[in-house]
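What the coordinates show
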Amino acid sequence: MSDQQTAQQPGTIAGESHSEWALRPWLLGAVLAAAGLAIHFSGGGAGPYVKVGWRAALAAFLFFGSLSFAFLVERERWKGALVFALGTGVVMAGLAWRAVGGGDSIADPEYGFFAGVIATGLALPMYQAGFHRTRFATPYRTLHESAWSDAISGAGALAFMGAAWLMLALMAELFHLLKIDFLRDLMNKDWFGWIWSGAAFGAALGVLWNELKIIGTLQRLVMVVLSILAVPMALGLALFLLAMIVSGPDVLWEATRSATPILLTCAAGAWVLANAIVRDSDDDASHNRVLRIAGLVLALSILPLTVFAAISLGTRVAQYGLSPERLWGLVAIGVACAYGLAWLVAVLRGWRGKAQSGGWMARIRESNIHLAAAICVVALFLALPILDFGAISARSQIARLESGKVSPDRFDYAALRWDFGDAGRRALAGLASGKGDTAKFAKEAQAQKNRPYRTMTPAEVTDFLIRVQPSDPKLEKLVRDYIRDNRWACNEACVAIETRAPRDGKRHVAIVQGRSFAEVTLPEADTSGDVLAKEYPSVSGPDSKVEIRMIEKRYIFVDGKPLDRPLDDD
């Protein structure tokens, strides 16, 4: 029996026997309910917002390990599923420990954790398809069906979990009519939420995995529906690329600053819709000539879209240097370009050897297997603490400063302080140990106690359009320093007016912009450990004396008209 015939049998998935198992929904419901309760207690009740490294590691181990086991376990083959789940849990636990335990010592640790999630998501269907045994000889159908079965069953289980919560809420309100609030109180308990969600998801997943024929039918239905969208998508992308050739890419860069994500999203959409036409095999692929042409256009459009995205991001890197986020963006673009180039080569090879290879669609399926394996390895490599994007970015920024590409007053010292991890702070300390304006600005960044809402370079603080009343250079410096660290207080141009006489070395200022203002005391007082609460009158009672009085208030007037609220009206 061939691999294709094996994969087409209703009771088969991933090239191995897959039988219905009556206990599967009960087992998965119990396993994930227990895992949910353990996650709640391991996280100290904080759920996904846990801030302690070992707690986050334990919660990640339980979450990813139990989910992997639920997707893989079979009645006769549970040992391999357990080993894979334990390995997945250990890897994700280490990444969670690093992301949470490392705090701000690591630049953008959430990206590394997300790379681990991608590696896990790719490894799961590859393991189901037997890739660990057959390597690149794995039939494309088995891998494709495994991935779609996981996606559809997972989405269905999530939908059922939502329906289960809706049903429980309805029952709670029903019993509330009888003044019985047991279910209401239970739903407010965090530990119950984890148990109920785990049990509902696991039970639904078990039922769906027992009905693979339905999942296969739903998969084909989704492919047919998506393939219909391929025609307008292909037409739109073809017109866009033609217009780009005529008008030149400069129009694109000038029209929007979000060119890169838009282009990558379009490339991802083209990839999904092209795969919906290519499908599992030539027999299953659409035989409609219009759809096949649309699939070919989509396959060929991915490379130019990703190249334009690379040029867009490269332009920003040339202007502003590297940062951890831009490095991760370069990784994403690199993956997209790899797909575009591989698909272009697949199309060319398919045309040249159509009779022997089955055409360009067969070549694309072959390249998908190689790319999935490569991306899984690359994602895992990037997730591990091997490359320090913070250190790479810090070296890039320091090189720009030392080469004169950016002047000391235009350099973003706050980014080194807050965005590049320990490597950035070490680079900032090196600048602060020097002399001149660079050392001065670096020391000011080191002195920052809180992360600015939106960072400003020293030059931007100096050039900012602001008028101080009465004119006072010392007060103006205090105001500009405040706006640098609290960018929300003044978006474009504003007026700072002193509201009362200085007292105890403090200046009281109202920063006016538009029809609103913010009252601040400069220099700012550290109120992190001593927050003063204003006393308000108690709620009026039957014997309270209620009366109307006139109170004199001070208002700020702009062009002869008062603003909407008085001063000192906190």
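For the structure itself, consult the block above.
Anyway, here's the lowdown on the structure attached to this text. (Residues numbered from 1 in each chain as written. Predicted model: local features only at pLDDT ≥ 70, side-chain atom pairs only at ≥ 80, totals over all residues. Heavy atoms only, no water.)

As for the sheet that holds strand β4 (residues 494-498)
Across the sheet, four strands lie side by side as β3-β4-β5-β6; this open sheet has mixed pairing. Two strands in the sheet have a free side with no partner beyond their single neighbour: β3 (466-469) and β6 (516-522). For this sheet the average axis-to-axis angle between neighbouring strands, irrespective of direction, equals 20 degrees. In terms of strand pairing, strand β5 (residues 507-513) meets β6 through seven bridges, oriented antiparallel. Paired with Ala510 across the bridge in β6 is Glu519. (Pairing = 2+ DSSP bridges. Helix = DSSP H or I, 4+ residues; strand = E, 2+ residues; numbered from the N terminus. Axes fitted to C-alpha atoms, helices over the stretch in contact; angles between N-to-C directions.)

So, the pattern of salt bridges
Scanning all chains against the criterion turns up 14 salt bridges. A salt bridge links Arg75 to Glu76, with the nearest nitrogen and oxygen atoms 3.5 Å apart. Owing to a relative accessible area of 42%, Arg75 belongs among the partly exposed residues under this scheme. On the accessibility criterion, Glu76 (54% relative accessible area) is exposed. Here Arg365 and Asp282 are joined by a salt bridge, their closest N and O atoms 3.1 Å apart. Note that Arg365 is positioned in helix α16 (residues 360-383) and Asp282 in the loop between α12 (259-278) and α13 (289-320), a separation of 83 residues in sequence. Taking relative accessible area as the criterion, Asp282 reaches 31% and is therefore assigned partly exposed. Shared partners join several salt bridges into a network, and the residues in it are Arg141, Glu145, Asp280 and Asp284. (Salt bridge = Lys/Arg side-chain N within 4 Å of Asp/Glu carboxyl O. Buried < 20%, exposed > 50% of the residue type's maximum accessible area, 1.4 Å probe, protein only.)

A look at the packing of aromatic side chains
One pass over the structure, following the stated rule, counts 12 aromatic pairs. With centroids separated by 5.7 Å and ring planes inclined at 70 degrees, the aromatic side chains of Trp271 and Tyr339 adopt a geometry described as edge-to-face. Within this pair, whereas Trp271 is found in helix α12, its partner Tyr339 is found in helix α14 (residues 324-352), the two being separated by 68 residues in sequence. Where Tyr413 meets Phe441, the ring centres are 5.9 Å apart and the plane angle is 55 degrees; that geometry is what we call tilted. One end of the pair, Tyr413, is in helix α18 (residues 413-418); the other, Phe441, is in helix α20 (residues 436-446), with 28 residues separating them in the sequence. Of the two residues, Tyr413 and Phe441, neither departs from the other in class, the shared state being buried. An aromatic cluster is built from Trp165, Trp191, Phe192 and Trp196, whose rings are joined through pairwise contacts. Over the aromatic face of Trp418 sits the side chain of Arg417, whose NZ or CZ is 4.1 Å from the ring centroid. Across the ring face of Phe517, the terminal group of Arg565 is positioned such that the distance to the ring centre comes to 4.0 Å. (Phe/Tyr/Trp six-rings, centres within 6.5 Å; stacked < 30°, edge-to-face > 60°. Lys NZ or Arg CZ within 6 Å of the ring centre and 35° of its normal.)

Details of a nonpolar patch on the surface
A grouping of Val91, Leu380, Phe381, Leu384, Ile386 and Leu387 is seen on the molecular surface, where their side chains present a nonpolar patch of about 460 Å² in accessible area. Tracing the backbone shows Ile386 in the loop between α16 and α17 (389-403). (Patch = residues over 30% accessible without salt bridge, like charges linked within 9 Å, V, L, I, M, F, W, Y side chains within 5 Å. Areas by Shrake-Rupley, 256 points an atom, 1.4 Å probe, with all protein chains shown as cover.)

So, empty space enclosed by the protein
All told, the structure shown has three cavities of 30 Å³ or more when counted by the stated rule. For the largest cavity, the calculated volume is near 130 Å³. Looking at the largest cavity, it is lined by 13 residues, and the ones nearest its centre are Arg98, Ala107, Trp328, Leu387 and Phe389. Put simply, the parts of the chain that give the lining of the largest cavity at least two residues each are α5 (109-128) and α17. The residue makeup of the lining of the largest cavity, split by class, is eight nonpolar, two polar and three charged. (1 Å grid on protein atoms, 1.4 Å probe; cavity = no way out; pocket = protein on both sides within 12 Å on 5 of 7 lines; lining within 4 Å. Points joined across faces, edges and corners; volume = space filled by probe spheres on them. Nonpolar A, V, L, I, M, F, W, Y, C, P; charged D, E, K, R; others polar.)

Re the pairing of β5
With seven of seven residues buried, β5 is to be regarded as a mostly interior element. Taking every second residue as pointing to the same face, both faces of β5 are buried, with Arg507, Val509, Ile511 and Gln513 on one and His508, Ala510 and Val512 on the other. Judged from the four bridges that link them, β4 and β5 form a sheet pairing that is antiparallel. Each bridged residue has a counterpart across the sheet, and for Ala496 the counterpart in β5 is Ile511.

Observations concerning the environment of Trp54
Structurally, Trp54 can be placed in helix α3 (residues 53-72). Note: C-alpha distance between Trp54 and Ala93 (39 residues apart in sequence) is 8.5 Å.

Quick word on the packing of helix α7 (residues 140-176) against helix α10 (residues 212-247)
It is at 10 Å that the axes of α7 and α10 come closest, and there the two elements cross at 95 degrees. In terms of their interaxial angle, α7 and α10 are classed as roughly perpendicular. Where α7 approaches α10, its residues His144, Glu145, Trp148, Ser149, Ile152 and Ser153 are matched on the opposing element by Ile215, Leu218, Gln219, Val222, Met223 and Leu226. By residue class, the composition of the contact of α7 with α10 is seven nonpolar, four polar and one charged. (Parallel < 35°, antiparallel > 145°, perpendicular 65-115°, else oblique. Contact = heavy atoms within 4.5 Å.)

With respect to the side chain of Thr138
Within the secondary structure, Thr138 is located in the loop between α6 (131-134) and α7. A relative accessible area of 4% means that Thr138 is categorised as buried. A distance of 2.5 Å separates the side chain of Thr138 from the side chain of Thr134, its partner in a polar contact. Within the structure, Thr138 has its side chain in polar contact with the backbone oxygen of Arg135 (distance 2.6 Å). Here Thr138 is in contact with Ala129, Gly130, Phe131 and Ile369, once residues within four sequence places are set aside. (Polar contact = N/O pair within 3.5 Å; in protein donor to acceptor, adjacent residues only side chain to side chain.)

Focus: the nonpolar core
Soluble globular proteins: nonpolar side chains tend toward being buried together. Counting residues in each nonpolar core, the largest one holds 52 residues, and the members touching the most others are Leu298, Trp343, Trp360 and Ile364. Those elements giving two or more residues to this core turn out to be α3, α4 (79-101), α10, α12, α13, α14 and α16. If you tally residues by element for this core, the top one is α13, at 11 residues. Each residue touching Ile364, except ones within four places of it in the same chain, is listed here: Val278, Ala299, Trp343, Ala346 and Val347. Ranked by size, the runner-up nonpolar core spans 25 residues in total, among them Phe69, Phe71, Val73 and Ala204. (Core = buried A, V, L, I, M, F, W, Y, C linked by side-chain atoms within 4.5 Å.)

Looking at the pairing of β4
Across the five residues of β4, four count as buried, placing the element largely inside the fold. Where β3 lies against β4, four bridges are found, and the strand directions are parallel. Note that in β4 the partner of Val468 across the bridge is Ala496.

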